[in-house]
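A structural walkthrough
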Amino acid sequence: MKKFSLLFLAVILAAALAACDDSKDKAGAKENTKVKIGVNGSDGAQWPILKEKAAKEGIDIELVEFEDYTLPNNALAQGDIDLNAFQTLVFLAQYNKESGNDIVPIGSTQFAPLGLYSKKIKELSDVKKGDQIAVPDDPTNQARALKLLEAAKLIKLDTDFGLFDGPDKIAENPLNLKITPMVAQQTPRSLEDVAAAVINNGIAGQAGFEPAKDPIFKESAKDDASIPYVNLIAAREEDKNNKVYKRIVELYQEDDVKKAITEDTKGGSILQVVPQDKLDQEFQKLVK
């Protein structure tokens, strides 16, 4: 009888301890960390991959789509979202300077090269004197387009040419090319009338071009001059060392996302990983 009683007590005690541990586990279980990321287009092939990987680590990513480039930074500054991923380094630097807000890059994502397109010529050597070349007219992309033409050795810019300068800073134009700024969205349509046009990567894709192979000349991601134009994930300054946010950057920069971006854009955009110290250094230069 004593053996039976002792055995019964042992069973009861074990059950009680198990229940206690189970309650402890439930009480100590952490809910998934929810992170809202502001984007301009949530249809990229990288997002489902990133969301799935993050979910496995207890990070619930919600994409918040904005139609206007001016909105995601304001939403981030106001705390409506936690991160955003839609802009280049130079765009963010200009935003901070104009708004007085303090948003910082916490990781690089994609680089989408500008390209020089044409329906009339097949290579740079075909450009002739007096030809007209269209470029985007917004300050950032106009300066970037002129740098592309300089890299193509079609023009030479002043030594103090800045990130927002225009055609008035062209130092040498040996072919007397007519540089025509216009709304970026109009550049593909201009190809019926001009010899060539510098077209934004995304706009070129929308117009039916393949940015990986159709340009007669395009920007190189291997050049440090491309860093101001690399896209990024941004956070509020006080969150720049947030471990969850930094982990999202790490997951984005992995090979499966790289492959998805390459396939989704047909090689038009590439994953470009810039070391954080280099990203910070370039960003501070741009802000100043």
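In case you missed it, the structure is sitting above this.
Since this is a predicted model, take the numbers as computed values, not measurements.

**Side note on the sheet that holds strand β11 (residues 196–199)**
In space, the 5 strands of this open sheet follow the order β10-β7-β11-β6-β12, with mixed pairing throughout. Looking at which strands have only one partner, the edges of the open sheet turn out to be β10 (178–182) and β12 (217–218). Pairing of strand β7 (residues 132–136) with β11 involves 2 bridges; the strand directions are parallel. By the bridge assignment for β11, I133 is matched with A196. Its contacts with the sheet place helix α5 (residues 139–151) against β6 (115–117), β7, β10, β11 and β12, and it is angled at close to 140° to β7.

**Description of the sheet that holds strand β3 (residues 83–88)**
In space, the 5 strands of this open sheet follow the order β2-β1-β3-β13-β4, with mixed pairing throughout. With partners counted over all chains shown, the strands left at the sheet margins are β2 (59–65) and β4 (103–108), one partner each. Within the sheet, the average angular offset between the axes of one strand and its neighbour, ignoring direction, is 35°. Its contacts with the sheet place helix α4 (residues 89–99) against β3, β4 and β13 (231–236), and it is angled at close to 110° to β3. Most of the contacts of helix α7 (residues 243–252) go to strand β1 (residues 33–39), to which it runs at about 60°, and overall it touches β1, β2, β3, β4 and β13.

**Looking at the packing of aromatic side chains**
In this structure the tally under the stated criterion is 5 aromatic pairs. Seen from their ring centres, F86 and F91 are 5.9 Å apart, and the 80° between their planes marks the pair as edge-to-face. When its relative accessible area of 12% is taken as the criterion, F86 is described as buried. Overall, the relative accessible area of 30% leaves F91 in the partly exposed class.

**Regarding the pattern of salt bridges**
In this structure the tally under the stated criterion is 13 salt bridges. Between K53 and E254 there is a salt bridge, and its shortest N-O distance comes to 2.6 Å. In this pair, K53 sits in helix α2 (residues 46–56) while E254 sits in the loop between α7 and α8 (255–264), placing the two residues 201 residues apart along the sequence. With relative accessibility at 14%, the residue K53 sits in the buried group. For R236, the salt bridge identified is with E238, shortest N-O distance 3.8 Å. Taken together, the shared-partner salt bridges in this structure form one network comprising K53, E254 and D256.

**Describing the pairing of β2**
By the bridge criterion, 7 bridges tie β1 to β2 in an arrangement that is parallel. Residue pairing in the sheet places G38 in a bridge with V64 of β2.

**Description of unusual backbone geometry**
Among all residues save glycine, negative phi is the norm, and among peptide bonds the norm is trans. With a phi angle near 65°, K153 is a residue other than glycine that sits in the positive phi range. Note on placement: K153 falls in the loop between α5 and β8 (156–157). The class of K153 is exposed, set by a relative accessible area of 72%. Positive phi is not limited to glycine here, since K266 has a value of about 55°. Within the secondary structure, K266 is located in the loop between α8 and β14 (270–271).

**Observations regarding α7**
Taken as a whole, α7 has its buried residues at Y245, I248, V249, L251 and Y252. Looking straight down α7, one finds its buried side chains confined to an arc of 165°; they lie on one side. Backbone nitrogen of V244 and a side-chain oxygen of the N-cap are separated by 2.9 Å at the start of α7; the cap is N242.

**Some remarks on a negative patch on the surface**
A cluster of acidic side chains, namely D43, E65, E67, D68, E263 and D264, defines a negative patch on the protein surface. Residue placement: E67 occurs in the loop between β2 and α3 (71–77).

**Describing the pairing of β11**
Neither face of β11 is left uncovered, since the one carrying A196 and V198 and the one carrying A197 and I199 both have all their residues buried. Across 3 bridges, β6 lies against β11 in antiparallel orientation. Following the sheet pairing, G115 is matched in β11 by I199.

Conventions we followed
- Residues numbered from 1 in each chain as written.
- Predicted model: local features only at pLDDT ≥ 70, side-chain atom pairs only at ≥ 80, totals over all residues.
- Heavy atoms only, no water.
- Pairing = 2+ DSSP bridges.
- Helix = DSSP H or I, 4+ residues; strand = E, 2+ residues; numbered from the N terminus.
- Contact = heavy atoms within 4.5 Å.
- Axes fitted to C-alpha atoms, helices over the stretch in contact; angles between N-to-C directions.
- Phe/Tyr/Trp six-rings, centres within 6.5 Å; stacked < 30°, edge-to-face > 60°.
- Buried < 20%, exposed > 50% of the residue type's maximum accessible area, 1.4 Å probe, protein only.
- Salt bridge = Lys/Arg side-chain N within 4 Å of Asp/Glu carboxyl O.
- Arc of directions from axis to C-beta.
- Polar contact = N/O pair within 3.5 Å; in protein donor to acceptor, adjacent residues only side chain to side chain.
- Patch = residues over 30% accessible without salt bridge, like charges linked within 9 Å, V, L, I, M, F, W, Y side chains within 5 Å.
- Areas by Shrake-Rupley, 256 points an atom, 1.4 Å probe, with all protein chains shown as cover.
- Lys, Arg positive; Asp, Glu negative; His and termini not counted.
- Charge placed at Lys NZ, Arg CZ, Asp CG, Glu CD.

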